[in-house]
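Working through the structure, step by step
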Amino acid sequence: MHVSPSSYARAFTSLRASTLSHTTCRLVLFVACLDVDALCAAKIFSGILKHELIPHRTCPVAGYSELKARYSELDDEVTTVVLLGCGALVDLTAYLREEEKDDEEDEEDEESFVKRRRERRKIYVFDSHRPWNLQNVFGPDDVVCFDDGDVEDGLLDKEREAYEALSKLSNAEDSESDEDGEDDEEHASDSDAETDQEREVVDDDLSGDGSASEADDVQKTPTSRRSGSPDSTPSSKRKSPSSPRSPLPSPRRQKSTRKIRREYEDIIAKYYTRGTAYSTPVASQLYSLLSYLGDASTHDLWLSIVGTTALDTLAPELYRRLFPLFRDEVRRLNPSATSVKLSADDTTLVIQPDFRMFLLRHWTLYDALLHSPYVASRLQLWTDDGRKKLHKMLAKMGVSLSVARERWTHTDVSLKRELKDRISSVAGVFGIGNVVRTGVVRKFGFRGAMTAGDAVESVAALLECGRGKSVVDKENVNPDAKDGDEAKETYKAAWIDNFWTGWDALDDVELLLHGLQRAQALQQAVVRAGTALLEKNQVLILRTFRLAVLKDGPDLELFSNPITLIRLACWVNECKAEQDDRQIPMVMAALDRTRDTYTVVGLPARVLKPSGNEGVDDEDDDWVGDEEQETMQNSFGITFQEVAKQTHARVRIDSFESSVVEVRKDDLTGFLEGMTIVGVR
């Protein structure tokens with residue numbers, strides 16, 4: 001079932017009533033450990049539960065297989081499970097509860113069966129990934145999906161009608177099959193010899209050639225439970241209507257039923273094959289819940305803004321749509337934030353001009369421009385001509401190279417105040433008209449201030465690399481393991497440790513500042529790797545998508561982490577989109593020598609932004625452009641599954657991001673060739 005935003009508070013009241021206990025922990029939070037938005041959401045939700053005195057346990061997970069394993073280990077006292085940043089794309093009833101279903105079918109006592117059904121765990125889903133698996137949204141009420149308004153606004157009316165119609169058809173077929181079975185039993189009791197012969201025939205039919213068992217093995221993988229798989233639509237156990245004792249429907253009725261079924265199945269298939277996209281961030285949904293409960297605070301608002309800003313790279317239209325709401329909330333909760341008086345415990349939020357420069361407040365102006373994906377793609381800073389153009393732009397701004405290379409904290413105050421006007425005066429000439437925008441800044445007393453974008457980079461760097469002494473830390477990115485499976489488990493353990501580091505950083509400004517240093521080192525590695533790919537012309541075009549493969553380099557170990565690889569793919573994709581007018585998707589693969597696999601990610605075609613003034617000089621503007629309303633759909637999740645089936649490549653599709661897949665090193669060539677044949681929708 002689904003819950004609309006207006007019913008969030010009522011759904012939470014039900015959750016609180018079923019989990020409030022002073023003796024046992026009945027609630028477990030499963031959090032996607034590589035997602036900044038999910039991390040911020042978990043922090044908000046944990047605060048809500050602590051305020052309500054509800055015992056709970058937070059369990060970060062790295063993929064669907066680990067989610068299923070941790071779920072199966074829960075004790076009987078756990079009555080409620082909350083998924084943050086995962087769960088929307090798969091049929092949770094089928095995937096997580098296969099063992100429970102088997103146990104229920106074995107129950108002989110009807111009273112015990114009813115009691116077990118009543119005490120079944122309830123699963124609450126907060127996830128920004130789309131499309132919804134319709135079984136979760138319109139199926140039984142033991143799975144509760146917190147929707148952002150799409151269902152309430154009628155955007156899924158056709159899919160809902162198709163789902164309900166197919167469910168009725170499946171139930172009708174099951175009823176007919178059950179009646180046929182009863183008639184068979186009555187007839188069997190009259191003739192034992194005939195029954196024995198019929199059983200022999202049935203046994204011969206079921207034995208087959210073994211292909212059915214292979215199909216069953218495939219369906220047990222997380223991939224088959226994703227949206228778009230055969231298990232995502234209502235199904236029935238079909239039986240052959242060959243019994244002479246069952247009345248057969250007329251041929252005309254059978255044809256009409258098949259036609260109706262095909263029409264509804266086409267509607268659902270079209271919904272799933274549109275590709276994946278992002279909807280309202282989870283942190284924003286939980287802040288809406290706090291608003292309905294009347295417990296919103298400045299810290300919760302900050303976490304919500306950070307979680308939403310984390311999707312600015314992959315889904316910028318979401319941040320632009322939600323920013324006016326955040327701006328109003330900042331003004332409401334921080335009415336005196338414009339005061340120039342500063343104190344040691346000042347943690348207010350303010351609306352200030354922000355720049356598309358990487359960590360400007362914590363780096364130099366030159367490095368912030370050089371490592372900015374936005375500026376680098378427009379000026380082509382990976383070339384000598386591009387860097388000369390950057391020097392020319394600084395000269396026109398009246399900033400010398402020596403001043404530009406000073407730490408921002410040591411830069412002259414007059415330049416800080418005039419930077420917006422200076423860069424705006426030359427931005428149009430150099431094609432970076434959107435470099436100035438409005439952002440949210442949080443003060444940390446005398447220790448400085450940080451924008452929401454800077455906080456995202458810091459937390460993301462901690463999730464990728466932890467708090468080790470160096471970015472390329474053997475403990476995090478290149479564990480010494482004997483085989484691929486052991487190495488994979490070591491990676492996941494490191495990612496979970498990094499999750500708790502990021503968790504602590506959201507409350508520890510010193511750790512957050514340490515994360516900024518890691519973010520700078522990571523971005524330098526991304527720019528080095530991306531520059532090498534572009535200079536050597538290693539970004540190829542294969543029919544319907546761009547391809548880049550990383551096989552060597554000083555920073556190769558870093559890109560075994562899917563977050564870092566997506567960061568590099570976004571940088572290269574934006575640079576190539578500005579260099580080439582063809583708007584086609586991007587595929588990037590990075591070799592993991594430890595596990596002898598390639599990590600492959602797919603990004604949708606980048607929609608070019610208008611080069612006009614996008615910034616919000618007037619704070620009452622809506623900050624929404626007509627050309628940036630369309631949500632980018634990523635169809636690589638479906639493409640990867642189709643190619644894996646056709647090429648029989650050894651792949652692992654286990655990430656919460658459907659566009660991330662692991663391919664065995666020897667199978668990569670065939671896998672990419674299959675993608676050129678299948679194409680990208």
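The structure under discussion appears in the preceding block.
Thresholds, definitions, all that
Residues numbered from 1 in each chain as written. Predicted model: local features only at pLDDT ≥ 70, side-chain atom pairs only at ≥ 80, totals over all residues. Heavy atoms only, no water. Helix = DSSP H or I, 4+ residues; strand = E, 2+ residues; numbered from the N terminus. Buried < 20%, exposed > 50% of the residue type's maximum accessible area, 1.4 Å probe, protein only. Contact = heavy atoms within 4.5 Å. Areas by Shrake-Rupley, 256 points an atom, 1.4 Å probe, with all protein chains shown as cover. Pairing = 2+ DSSP bridges. Axes fitted to C-alpha atoms, helices over the stretch in contact; angles between N-to-C directions. Parallel < 35°, antiparallel > 145°, perpendicular 65-115°, else oblique. Left-handed = near helix turned anticlockwise from the far one by under 90°. Nonpolar A, V, L, I, M, F, W, Y, C, P; charged D, E, K, R; others polar.

Let's shift gears to the overall build of the protein chain. What the protein chain contains, in helices and strands, is 26 helices and 17 strands. Within the protein chain, the proportion of its 681 residues that are buried is 53%. Here the contacts in the protein chain between residues at least 6 apart in sequence split such that 77% fall between residues at least 24 apart. By element, 47% of the accessible surface of the protein chain is carried by carbon and sulfur atoms, the whole surface being about 31,800 Å².

Strand order in the open sheet made by the six strands is 12-13-14-15-17-16, with mixed pairing throughout. Only two strands of the sheet have a single partner each, and these edge strands are strand 12 (540-542) and strand 16 (651-652). With five bridges connecting them, strand 13 (residues 545-550) and strand 14 (residues 586-592) associate as parallel partners. Its bridge partner being in strand 14, Val549 is matched across the sheet by Ala589. Lying over the sheet, helix 25 (residues 636-647) contacts strand 14, strand 15 (597-603), strand 16 and strand 17 (660-664), oriented at roughly 140° with respect to strand 15.

Turning to the packing of helix 12 (residues 282-293) against helix 13 (residues 298-309), a few remarks are in order. Orientation of helix 12 relative to helix 13, taken along the N-to-C sense of each, is 155°, at an axis distance of 8 Å. Classed by the angle they form, the pair helix 12 and helix 13 counts as roughly antiparallel. Helix 12 and helix 13 meet at a crossing whose hand is left-handed. The residues of helix 13 that touch helix 12, namely those facing Ala283, Ser284, Tyr287 and Leu290, are Asp300, Leu301, Leu303, Ser304, Gly307 and Thr308. Classifying every residue of the contact of helix 12 with helix 13 gives five nonpolar, four polar and one charged.

Attention shifts here to the sheet that holds strand 10 (residues 436-443). The strand order 9-10-11 describes an open sheet built from three strands, whose pairing is antiparallel. The outermost strands of the open sheet, each flanked by one partner alone, are strand 9 (349-355) and strand 11 (449-451). Here the strands of the sheet are splayed against their neighbours by 40° on average, with no regard to which way each runs. Alignment of strand 9 against strand 10, held across seven bridges, turns out to be antiparallel. Note that in strand 10 the partner of Gln352 across the bridge is Gly439. This element, helix 13, spans strand 9, strand 10 and strand 11 of the sheet and lies at about 140° to strand 10. Those strands touched by helix 19 (residues 413-427) are strand 9 and strand 10, and its axis lies near 30° from that of strand 9.

Moving on, we come to the environment of Thr639. Mapped onto the elements of the fold, Thr639 is located in helix 25. A relative accessible area of 0% means that Thr639 is categorised as buried. Each C-alpha atom of the pair Thr639 and Ser659 lies 8.9 Å from the other, and the pair is 20 residues apart in sequence.

The subject of this paragraph is the pairing of strand 17. Within strand 17, four of the five residues are buried, leaving the element largely enclosed by the surrounding structure. One ladder, built from five bridges, connects strand 15 with strand 17; its direction is antiparallel. Bridge pairing in strand 17 places Thr599 opposite Glu662. The pairing of strand 16 with strand 17 spans two bridges and is antiparallel. Bridge pairing links Val651 to Val663 in strand 17.

By themselves, these figures tell us nothing about what the structure is for.
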